[in-house]
Amino acid sequence: MRHMPLVLDVQNLSVALGGHHALSNVSFGIEEGETLVIIGPNGSGKTVLLRTLLGMLPSTGKIEWNPSARIGYVPQKIEADRHLPISTINLLRAKAKILKFPDSDILHALHSVGLTTRIAQIPVGHLSGGEFQRALIAFALLGKPTILLFDEPTASIDKPGEEQIYELLHRLQDEYRLTAIVISHDLSFVYRHATKVLCLNKVNVCFGTPKEALDIHMLETLYGGPHKYFHHLHDHTHHS
Amino acid sequence: MIPPSFYAITLAIFAAAAAGLVGSFALMKRTVLAGDVISHIAIPGLGLALIWNINPLVGGATTLLIGTIIIWQLEKKTSLSSEAAIGVIFSSSVALGALLINSNEELIDALFGGFGILSYGEFTFGIVASMFVIATLLILRHKLIIGLFSEDLAVATKINTRILHLVFLLVFALTVLLGLRFLGALLAGSLIIIPASAARQFSHTLGMFLSLSMLIAVLSVGIGFAVASIYSLSTGPTIVMVAAVFFILSLARKTK
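Cut-off values and rules
- Residues numbered from 1 in each chain as written.
- Chains lettered and ligands numbered in written order.
- Predicted model: local features only at pLDDT ≥ 70, side-chain atom pairs only at ≥ 80, totals over all residues.
- Heavy atoms only, no water.
- Pairing = 2+ DSSP bridges.
- Helix = DSSP H or I, 4+ residues; strand = E, 2+ residues; numbered from the N terminus.
- Axes fitted to C-alpha atoms, helices over the stretch in contact; angles between N-to-C directions.
- Contact = heavy atoms within 4.5 Å.
- Salt bridge = Lys/Arg side-chain N within 4 Å of Asp/Glu carboxyl O.
- Buried < 20%, exposed > 50% of the residue type's maximum accessible area, 1.4 Å probe, protein only.
- Domains from an automatic or database assignment.
- Buried area = accessible area lost by both parts, 1.4 Å probe.
- Polar contact = N/O pair within 3.5 Å; in protein donor to acceptor, adjacent residues only side chain to side chain.

This part takes up the sheet that holds strand β3 (residues 35-39) of chain A. Residues and elements named next belong to chain A. Read across the sheet, six strands follow the order β5-β6-β7-β3-β8-β9 without closing on themselves; strand pairing throughout is mixed. Edge strands, defined here as strands with exactly one partner in the open sheet, are β5 (71-74) and β9 (203-208). Averaged over all pairs of adjacent strands, the angle between their axes in this sheet comes to 15°, without regard to strand direction. Where β5 lies against strand β6 (residues 147-151), four bridges are found, and the strand directions are parallel. Bridging across to β6, Y73 finds its partner in L149. Its contacts with the sheet place helix α6 (residues 159-176) against β3, β6 and β7 (179-183), and it is angled at close to 160° to β7.

In structure tokens:
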């Protein structure tokens, strides 16, 4: 067993939005270098959880970040206004100026996600899904975060692009020694990359390593009845 | 002896540069129309100032400030009822203004610009306020850019978006106030909207968009003053028509 320091410790976290319980009594912890994947059906509070961890929503319970943690956040697909004359470079420069990072960090962030300066000068509304996602990741990487919060990294990307984003994420974790919290709908990603999985349906349905936390029973409880996710589970056992 | 029109034109050009810059951000933030209705609430202020015999701009500034804070509060709720409330407040303020201002001539001044000779104090205030608007936006541009791209990313970058938006609306209101003098309450918003809309069609980069928007606003004012004096037309509406011509030209270019 490793004994790495906890990067984030969450105990009995509850969030009420508009009089409804969006999250109740959620508890989990994540150690340095781990990849926590959050799964759950639509409306189960996955995005609410990330936004709460970032301090955007009022909550009760404990959220304790390691004091040395620097957080990078990649939000769910932003509907980039096609008419906005704002490029990736504009966004990165703006963040660098506000947080007083040197300009060299901008090029480094672009390089890390594999975007050329030419693409970085195109208005964000004109980028492809994959390029746009890379731009968002570059924005999150600026300032050398120690932990990356990633909301549905592949929500608007085609299959091959999806694979590239996952590979990129994996490579960045090595390069930056990142801890990652990822919301995903993709169970094969959970089995390949997650060290921990959190199943959410407004409450904690499961938490632990994918092997101990996920079984068919659990998925049935989580998603309600027989489900296409079983195929992923099935595929996985064959391919690995 | 410098002719009085020199002061008026100089001030108008400074105000136009500020309006062009404010407009480009308003266009990107998509708050153009919410901002435009702000100008309408200046009208009852102008009316009260005329009744109490104080400087109309002081009255306009007072109600503009109140209107801005009301909009800021209402925008917090994105429900239909708050949008309706904004609409009701501002159309009724036009009506209230019209009732308060009982001379037709003064009403026309309030709606389309006028109010006699520019005082030295007004001139100085106008120049300082224009430069203040431009400086504020240039300082805040990085935060505004991230904020208008994504509220979430702005919050994650530790930007207080609520306060940022309030500052933007106040700067917008100050720009409307600057335009009130020579464009009037109905047209003060147009020098904010039209040059930015035209510049947007011509430009592909942020830097070009911001500078072109300011340039088109300044050119509209310059050409507008010249045309109005040659053909003895009202200055405010002429300026707005020149800006509209720029916009039509930009549309023609876009369709190419």
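Anyway, onward from the coordinates.
Residue and element names in this part refer to chain A. Using the criterion set out here, one finds six salt bridges over all chains in the structure. The salt bridge involving E64 is made with K62; its shortest N-O contact spans 4.0 Å. For E64, a relative accessible area of 45% puts it in the partly exposed group. Since its relative accessible area comes to 34%, K62 is described here as partly exposed. One salt bridge in this structure joins R171 and E175, with 3.4 Å as the shortest N-O distance. Remark: E175 and R171 occur in helix α6; sequence separation between them is four residues, near one turn of the helix. Residue R171 is classed as partly exposed on the basis of its relative accessible area, which comes to 41%. Since its relative accessible area comes to 42%, E175 is described here as partly exposed. Salt bridges linked by common partners bring D9, K62 and E64 together as one network.

Take the domain arrangement of chain A next. Residue and element names in this part refer to chain A. On domain assignment, one finds that chain A holds domain 1 (1-69 + 146-240) and domain 2 (79-145). The gap between the C-alpha centroids of domain 1 and domain 2 is 25 Å. Each side of the interface is counted separately: domain 1 has 16 residues, and domain 2 has twelve residues. When the area that domain 1 buries against domain 2 is broken down by residue, the three leading residues are L148, L168 and Y176, summing to 39%. Remark: the boundary between domain 1 and domain 2 carries two residue pairs in polar contact (both at pLDDT 80 or more). Contributions of two or more residues to the side of domain 1 that touches domain 2 are made by β6 and α6. Looking at the side of domain 1 that touches domain 2, the element that brings in the most residues is α6, giving seven residues.

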